[in-house]
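Here is how the chains run, residue by residue.
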Amino acid sequence: MSHNQEITSLPSLHGSPKTLAEDGNSPKGAEIEKYQSPESDGSPHVEIDEVTQKAKLSDYFTLLASGFALVSDGYQNNLATVFNPIFKIIYKSYYTSAVSTRVSNSLLIGEIIGQVGVGLICDLVGRKTAMVATTMLIVVGGILATASSGSTPAGLLWMLTVSRGMVGVGVGGEYPACSTSASESANEKFGRDRGKVFILVTNLMLSIGGPIVISIFLLIINAAGYKGTTSPEDIYKLKYTWRICMGVGVFIPLSVFYFRLKMMNSKLYRRNAIRHSPPYGLILKRYWRTLLGTAGTWFLYDFVTFPNGIFSSTIISGVIPGAGLVKTMEWTLLLSVLSLPGVFLGAWVVKYTGRRNLLMMGFSGYIVFGLIVGCSYEKITKIIPLFIVFYAFMQSSGNFGPGNMEGTISAESYPTSIRGTCYGFSAAVGKAGAAIGTQCFTPIQNHLGKKYTFIIAACCGALGVLLAYFFVEDKGKDKLEKEDELWRQYLVDNGKGDIVMGDGSSNENNAAGNVEKGELSYKE
């Protein structure tokens, strides 16, 4: 079958095939569903049944649930920005850089496990099941983290480490579960404009988690009348402040739990899932180059952005000696807010630049601003507002390019049946970069100097540009159905045409049958 072949018949949920409307590839993805009713006289009838109505509403439920869930994930990712400086005050000499790194990395290690494991689950079992399971993990882990206690500081912090690891599995699992669902729903409702919608319900939601957690901290600490001393009264206020911040992280995912229960697996998943014995060898054979691009660039992005986010308050407090906890967090809030414009700008220009070009532009921002701050560190840190602005420019360029594009490209580069698996693997490699970057951050500062954290960021930007140029393919102009069709043809060409596809909600079919009948295709 030619890649440019145009076929308009699609398998229905029941009855005979339904027909794609002439404007079926319009931005709104409008479709007229037609099928032969068993009681009919043989003529086609236009009918939208209860299942179809639920499916159409489910796409909006999915986008809403995914967006709010990723706010929760961004919140959890940035909690360390708050509790790291608090624990340094409460536990003083005990809360060493090694302990701080262990507590921070527990979330990241959990995320790696969740991204790989749930990535497999959301392909083999379904998007909805994966999303409900990750919600429960975040809620239970968050409750345990909030209630962390021990007879010694070591006991409390170990309980917190384990609990944050459980939260991390849930947070990590939401990356493939929510992002694949959001991409498929955006493709269904917005067609080729899905990129902008996808960015607004994924990276934007992740990015605003930082300002939210810092704002909540500042509201609580100021309302409590914290004076910035080490008196027992102020220490007590800090102790319940970090627990409240942890507790808020439990309620955010619960707020959209209802919508997760109401959503359905996407139409693409219902038609294209491979739920038994996926051909992993063929996946690697066909997509190894793509995986190197998506996973490699994600590794470099997280290697830079996570330690710079988690330790941003540490960086700022080092630049402003004696600033105190509240003032440091106020500057950190300003930094996190100034990093947001990159998300909006990237969402606006992506339809003009293309995915790969935008990714390279963002990495180029690391080169420019990383070198400016790193090479002039001793001078620029004497002018605090100027330092914050250029630091924010570097962070914002990360959001503008790789922050927006890593998820977008990873969701668009793979067919539906293996999208969660490949997306989860790419994200997990990214989180490995985050864990390594977090582990290396303090040694780099201590042994090479603080300016080298920015110079190394610039080096990562240069590597990111090269990886994106040689290994990332821009498929933003194609509808997701195109890669599904190419994958089916590839399975047939490699002797796997008997693989059963579909989740069982419609008549099950195999790859060869659909390729021969032309029951699933795309329009250019």
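Predicted model only: the values in this text are computed from it and were never measured.

**Q** Mind showing me how you'd approach the environment of Glu406 here?
**A** Looking at the secondary structure, you find Glu406 in helix α17 (residues 384-412). Residues Glu406 and Thr294, spaced 112 residues apart in sequence, show a C-alpha to C-alpha distance of 6.6 Å. When residues no more than four places from it in sequence are discounted, the contact partners of Glu406 are Thr294, Thr297, Trp298, Tyr301, Leu359 and Phe363.

**Q** Any chance you could explain the packing of helix α14 (residues 341-353) against α17 here in plain terms?
**A** For any two helices packed against each other, one specifies the crossing angle of their axes together with the interaxial distance. With their axes 7 Å apart at the nearest point, α14 and α17 run at an angle of 50° to one another. As the angle between them shows, α14 and α17 are arranged oblique. When the axes of α14 and α17 are compared, the crossing they make is right-handed. Residues Pro341, Gly342, Val343, Leu345, Gly346, Ala347, Val349 and Val350 of α14 form the contact with α17, whose participating residues are Ser396, Asn399, Phe400, Asn404 and Met405.

**Q** For this particular structure, what's the right way to read helix α18 (residues 416-447)?
**A** Every α-helix winds through 3.6 residues per turn, so residues three or four apart in the chain are directed the same way. Its 32 residues place the ends of α18 46 Å apart at the C-alpha level, agreeing with the 46 Å of an ideal helix rising 1.5 Å per residue. Along α18, the sharpest change in direction is near 35° and occurs at Cys440; proline Pro443 comes one to four residues later. Two residues or fewer after α18 comes Gly449, characterised by a positive phi angle close to 115°.

**Q** So what exactly am I meant to see when it comes to the side chain of Glu174 here?
**A** Along the chain, Glu174 falls in helix α4 (residues 153-190). Residue Glu174 is classed as buried on the basis of its relative accessible area, which comes to 1%. Here the side chain of Glu174 touches Thr134 through a polar contact of 3.2 Å, side chain to side chain. Apart from residues lying up to four places away in sequence, Glu174 is in contact with Ala69, Leu70, Asp73, Met131, Thr134, Thr135, Ile138, Ser179 and Arg260.

**Q** Help me out: how do you make sense of the nonpolar core in this one?
**A** Soluble globular proteins tend to pack their nonpolar side chains together in the buried interior. Counting residues in each nonpolar core, the largest one holds 104 residues, and the members touching the most others are Ile86, Phe87, Phe217 and Phe387. Broken down by element, the residue count for this core peaks at 14 residues, all from helix α1 (residues 50-90). Excluding residues within four positions of it along the chain, Phe87 makes contact with Lys92, Tyr95, Leu157, Leu160 and Trp242. Listed in part, the 13 residues of the second largest apolar core include Ile418, Tyr490, Leu491 and Met501.

**Q** So what exactly am I meant to see when it comes to the UniProt feature "transmembrane region" (unreviewed entry) in the chain here?
**A** Taking the numbering used here, the UniProt-annotated feature "transmembrane region" (unreviewed entry) corresponds to residues 130-150, 197-220, 240-261, 307-326, 333-352, 358-377, 384-401 and 452-472. For residues 197-220, the helix share is 92%, the strand share is 0%, and the end-to-end C-alpha distance is 33 Å. Between the end C-alpha atoms of residues 240-261 the distance is 33 Å, and the span holds 91% helix and 0% strand.

**Q** Hey, could you run me through unusual backbone geometry in this one?
**A** Excluding glycine, most residues fall at negative phi; most peptide bonds, likewise, are trans. A positive phi angle is found at Lys92, which is not glycine, with a value near 50°. Topologically, Lys92 is positioned in the loop between α1 and α2 (97-124). One non-glycine residue with positive phi stands out, namely Ser277, at about 50°. Looking at the secondary structure, you find Ser277 in the loop between α10 (267-272) and α11 (280-310). Among the residues examined, Ser277 registers a relative accessible area of 63% and is labelled exposed.

**Q** How do you make sense of the pattern of salt bridges when you look at a structure like this?
**A** Side-chain pairing between opposite charges can occur once the charged atoms of the two side chains come close. If you walk through the whole model with that rule in mind, you get 12 salt bridges. The residue Arg194 makes a salt bridge to Glu412 at a minimum N-O spacing of 3.0 Å. Remark: Glu412 occurs in helix α17 and Arg194 occurs in helix α5 (residues 194-201); sequence separation between them is 218 residues. Taken as a pair, Arg194 and Glu412 share a single burial class, namely buried. Members of the salt-bridge network, linked through shared partners, are Asp123, Arg127, Glu184 and Arg419.

Definitions and cut-offs
Residues numbered from 1 in each chain as written. Predicted model: local features only at pLDDT ≥ 70, side-chain atom pairs only at ≥ 80, totals over all residues. Heavy atoms only, no water. Helix = DSSP H or I, 4+ residues; strand = E, 2+ residues; numbered from the N terminus. Contact = heavy atoms within 4.5 Å. Axes fitted to C-alpha atoms, helices over the stretch in contact; angles between N-to-C directions. Parallel < 35°, antiparallel > 145°, perpendicular 65-115°, else oblique. Left-handed = near helix turned anticlockwise from the far one by under 90°. Expected span 1.5 Å × (residues − 1). Bend = angle between axes of the 7 residues up to and from the residue. Buried < 20%, exposed > 50% of the residue type's maximum accessible area, 1.4 Å probe, protein only. Polar contact = N/O pair within 3.5 Å; in protein donor to acceptor, adjacent residues only side chain to side chain. Core = buried A, V, L, I, M, F, W, Y, C linked by side-chain atoms within 4.5 Å. UniProt positions renumbered as here; feature names shortened; annotations may be inferred. Salt bridge = Lys/Arg side-chain N within 4 Å of Asp/Glu carboxyl O.

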